[in-house]
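One-letter residues, chain by chain:
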Amino acid sequence: MGKSNATLFVIRAQRFDALARILAERLSGAGEAVAVVVDERRGLSDCAPYRKISLGEAALADIGLTGLPDDWGWFCGDLCYYLAADRFPDFARYCLIESDVYLPINGVDPFVAAMNGHPSEAIAAQLGPTDRPREFFRDLTKLGLDPAWGCIFPVCRISANVLLAMKDLRRETLEKLPNARLNDEAMLAGAIQRGGFTFASLESVLPHQVDRSSFETNPPHLYEAIAANAAEVRLFHPVVTFDTAMERIATGAKNYSLRRLRNVLDAAPDPMKQRLTEAVRQSRKAGKGAKKETLSMNALFTALNIGSPVRILDVGANPLIEGEVSYQRLLDQGHAEVVGFEPQQEALAALNARKSEREHYLPFALGDGAEHVFHSFRSPGFNSLYAGDPASAAYLGFGRSMAEVGSEMMKTDRLDDLEAVPQVDFLKIDVQGSETTILENGRSKLSEASVVQTEVRMFPIYKDEPRYGDLQAELARQGFEFLRFVSLKHACLARSFQKRLKRHSFAQAIDGDAFFVRDLRKVDQYTDERLKKLAVIADSIIQNYDLALYALEVLHERGSITVDLVEWYFTQVPASHRRA
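Treat the numbers as computed from the prediction; the structure is a model and nothing was measured.

Novice: Describe the overall build of the chain, and please don't skip the residues or the numbers.
Specialist: Across its full length, the chain holds 21 helices and 19 strands. Taking 25 Å as the expected radius of gyration for a compact globule of 580 residues, we find that the chain reaches 25 Å, a close match to that expectation. Taken across its 580 residues, the chain has 54% of its residues classed as buried. For the chain, restricting intrachain contacts to residue pairs at least 6 apart in sequence, the fraction spanning at least 24 positions comes to 72%. Accessible area of the chain: about 25700 Å², with a carbon and sulfur share of 49%. Of note, the chain has its 69 positive side-chain charges centred 3 Å away from the centre of its 78 negative side-chain charges.

Following this line, the structure appears as structure tokens:
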């Protein structure tokens, strides 16, 4: 089957379904060698006429890989490489593709040409250094490697030498660090570092076929809608058929919410959209879509006997730009009510198309109550009531993205003037420069809030926009103090070296998200109800168990909860956050 200097395309599948077969047919139709690695622990799969490699503990033990973690089936996708190379050792390169990747007919030739011809020894989406370590990369430090790397694994092409280095690293990890949590992506990053291999991101190799709007880990895309576009060349991931989406909603297999299915619903024909929407709502009512969280927030919320849902205000709720929101778990579990603002009509329509009965979205632009010019840019994520600063855009390398493509007058409303908006417990705000103005004009509505999650700008990108100091000062005037950053983005100044420098070494901080908490030095001013909601917000949204435990300790000191409840909660904190 193999020949020198050839690529073996390896399809990774739990079952050889219709999407996997389409992928195999298109690759083999282009004259490429195809094999299928299929997990047959739950039953045999017919992969004919393609070569099948059965994935299981016995096959892995035969190549010296034992002591695998319990969740190796999804956690260690790199194992597919090692079985493929053992079975078919004569290839120069191996390209692993997950079965829920959609490769359009018009995209096959350029994709195959790049996988066969690009000189880099490793190619994967989003591959390279990052600002901070991801969860399953942190244990790379135990191997003397940099954990601040990232990639995603739906398409990953490596040379035979990289494959051998990954296998050696996986074996070393299993033998010497049996408790380390290093996934397939970490194996690739570690092997590249240790071997000094050349690498490239899939986006840079195929800029017209791969971007994060269509190729990510979530949310899913609808196969029937993509396949109907004969001109499409982009790769999509993850992709589901309508029947598969309906099956998963019914079983709760992927915990599909209307928000998580946003791409599917946006693209689906009306009859499909109606059936999907109704199925999600019925599933939620029946409780079939409950998430399997490490912490049982339902139990904590119930144990604290909280009298009302957490009231959330989301300002700048554009689902076409941001992914899953920080409060999604609380919303899915029925413990939150959301009022959101989104003045851009396309984004508002997308929100209303998939909202639950606990979400309400309003078409207002918040501000100081006056009329302002709304500036639209080539990249909609920069749209703002502030004009772009050309000097900043050029300095940061944003010149193309921040090219203004239009403007219009827009009336703003003061938050405090809107009777439909209640006082809130948690504010999430991201409005490209207008945060300070909205806060100044919403002091009454925010007077009961315990936590604010806001975008913070460390370097100005708009003309005359308020600076971080202005934002921090306004929050302090309302009684909030800085807690922690969620993220902080940096720009590379030496752009000719951008792909050769690690991301964490980029010099210029631009912006990020941060949490502010109502001053805990005055915790005696917190009511019991506010402290209980703070504990839930700290755990589920901020994901800071220290803050949650602090709130519970204060409640115990007041005699409002028992010490047993506090100790119970501590036992639910993930082991990775507790000392042995």
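Novice: Break down the side chain of arginine 12 for me, citing the residues and quoting the values.
Specialist: Tracing the chain through its elements places arginine 12 in strand E1 (residues 7–13). On the accessibility criterion, arginine 12 (13% relative accessible area) is buried. At a separation of 3.2 Å, a polar atom in the side chain of arginine 12 contacts the main-chain carbonyl oxygen of glycine 73.

Novice: Report on unusual backbone geometry, specifying residues and quantitative values.
Specialist: Geometrically, the link from alanine 48 to proline 49 is a cis peptide bond, its omega value of 10° lying close to zero. Considering the arrangement of structural elements, one finds proline 49 in the loop between strand E2 (33–39) and strand E3 (51–55). Between histidine 237 and the following residue, proline 238, the backbone shows a cis peptide bond with an omega angle of -10°. In this structure, proline 238 sits in the loop between helix H9 (223–227) and strand E9 (239–240). Its identity is not glycine, yet glutamine 126 carries a phi of approximately 60°, on the positive side. Its place among the elements puts glutamine 126 in strand E5 (residues 122–129). Classification of glutamine 126 as buried rests on a relative accessible area of 13%.

Novice: If you had to explain the sheet that holds E5 to someone new, which residues and values would you point to?
Specialist: Judged by pairing direction, the sheet is mixed, and its 7 strands sit side by side in the order E3-E2-E1-E4-E6-E5-E7 without closing on themselves. Each edge of the open sheet carries a strand with a single partner, namely E3 and strand E7 (199–201). Along the sheet, successive strands turn relative to each other by an average axial angle of 40°, direction set aside. Pairing geometry for E2 and E3, over 5 bridges, is parallel. Across the sheet, the residue bridging to valine 37 is isoleucine 53, located in E3. Against the sheet, helix H7 (residues 184–195) makes contact with E1, E5, strand E6 (149–159) and E7, and its axis sits at roughly 75° relative to E6, the strand it touches most.

Novice: Any details on the side chain of serine 99? Residues and values, ideally.
Specialist: As for its position among the elements, serine 99 is in the loop between strand E4 (93–98) and helix H5 (108–117). Here serine 99 falls in the buried class, since its relative accessible area comes to 13%. The contact partners of serine 99, leaving out residues within four places of it in the chain, are Ile11, Arg12, Ala13, Leu19, Ala20 and Leu23.

Novice: Let's hear about the nonpolar core: which residues, and what values?
Specialist: Counting 54 residues, the largest nonpolar core has Leu8, Leu60, Tyr81, Ile158, Met166 and Leu188 as the members making the most contacts within it. With 42 residues, the next largest nonpolar core counts Tyr361, Val536, Tyr545 and Ala551 among its residues.

Novice: Pulling in residues and values, what's your account of H7?
Specialist: The end-to-end C-alpha distance of H7 is 17 Å, a good match for the 16 Å that 12 residues give at a rise of 1.5 Å each. When you tally the buried positions in H7, you get 9 out of 12 residues, the bulk of the element. Buried within H7 are the following residues: Asp184, Glu185, Ala186, Met187, Leu188, Ala189, Gly190, Ala191 and Ile192. Those residues of H7 that are buried lie in contact with E1, helix H3 (72–75), E5, E6, helix H6 (160–176) and E7. Put simply, asparagine 183 is the residue that caps the front of H7, since its side-chain oxygen is 3.2 Å from the backbone nitrogen of glutamate 185. Positive phi shows up at glycine 196, right after H7, with a value of about 65°.

Novice: Can you break down the sheet that holds strand E17 (residues 451–457) residue by residue, with the values?
Specialist: Sheets are built from strands paired through backbone hydrogen bonds, the pairs being either parallel or antiparallel. Overall, mixed pairing links the 7 strands, which are arranged E12-E11-E10-E16-E17-E19-E18 in an open sheet. For this open sheet the edge positions go to strand E12 (359–362) and strand E18 (480–491), each flanked by a neighbour on one side alone. Taken over all neighbouring pairs, the strand axes of this sheet differ in orientation by 15° on average, direction set aside. Taken together, the 7 bridges between E17 and strand E19 (residues 508–518) define a ladder with antiparallel strand orientation. By the bridge assignment for E19, valine 456 is matched with glycine 512.

Novice: Describe the packing of aromatic side chains, with residues and values.
Specialist: Taken as a whole and assessed by the stated rule, the structure comprises 13 aromatic pairs. Residues phenylalanine 91 and tyrosine 94 carry aromatic rings whose centres are separated by 6.1 Å and whose planes lie at 65° to one another, so their mutual orientation is edge-to-face. By the burial criterion, phenylalanine 91 is buried, and tyrosine 94 matches it. Three or more aromatic residues joined by ring pairs make a cluster, and in this case those are Phe482, Phe485 and Phe516. Positioned above the aromatic ring of phenylalanine 480 is the side chain of arginine 518, whose terminal nitrogen or guanidinium carbon lies 4.3 Å from the ring centre. Over the face of the ring belonging to phenylalanine 570 we find arginine 578, whose NZ or CZ atom lies 5.7 Å from the ring centre.

Each value, and the rule that gives it
Residues numbered from 1 in each chain as written. Predicted model: local features only at pLDDT ≥ 70, side-chain atom pairs only at ≥ 80, totals over all residues. Heavy atoms only, no water. Helix = DSSP H or I, 4+ residues; strand = E, 2+ residues; numbered from the N terminus. Rg over C-alpha atoms; globule rule 2.2 N^0.38 Å. Buried < 20%, exposed > 50% of the residue type's maximum accessible area, 1.4 Å probe, protein only. Contact = heavy atoms within 4.5 Å. Areas by Shrake-Rupley, 256 points an atom, 1.4 Å probe, with all protein chains shown as cover. Lys, Arg positive; Asp, Glu negative; His and termini not counted. Charge placed at Lys NZ, Arg CZ, Asp CG, Glu CD. Polar contact = N/O pair within 3.5 Å; in protein donor to acceptor, adjacent residues only side chain to side chain. Pairing = 2+ DSSP bridges. Axes fitted to C-alpha atoms, helices over the stretch in contact; angles between N-to-C directions. Core = buried A, V, L, I, M, F, W, Y, C linked by side-chain atoms within 4.5 Å. Expected span 1.5 Å × (residues − 1). Phe/Tyr/Trp six-rings, centres within 6.5 Å; stacked < 30°, edge-to-face > 60°. Lys NZ or Arg CZ within 6 Å of the ring centre and 35° of its normal.

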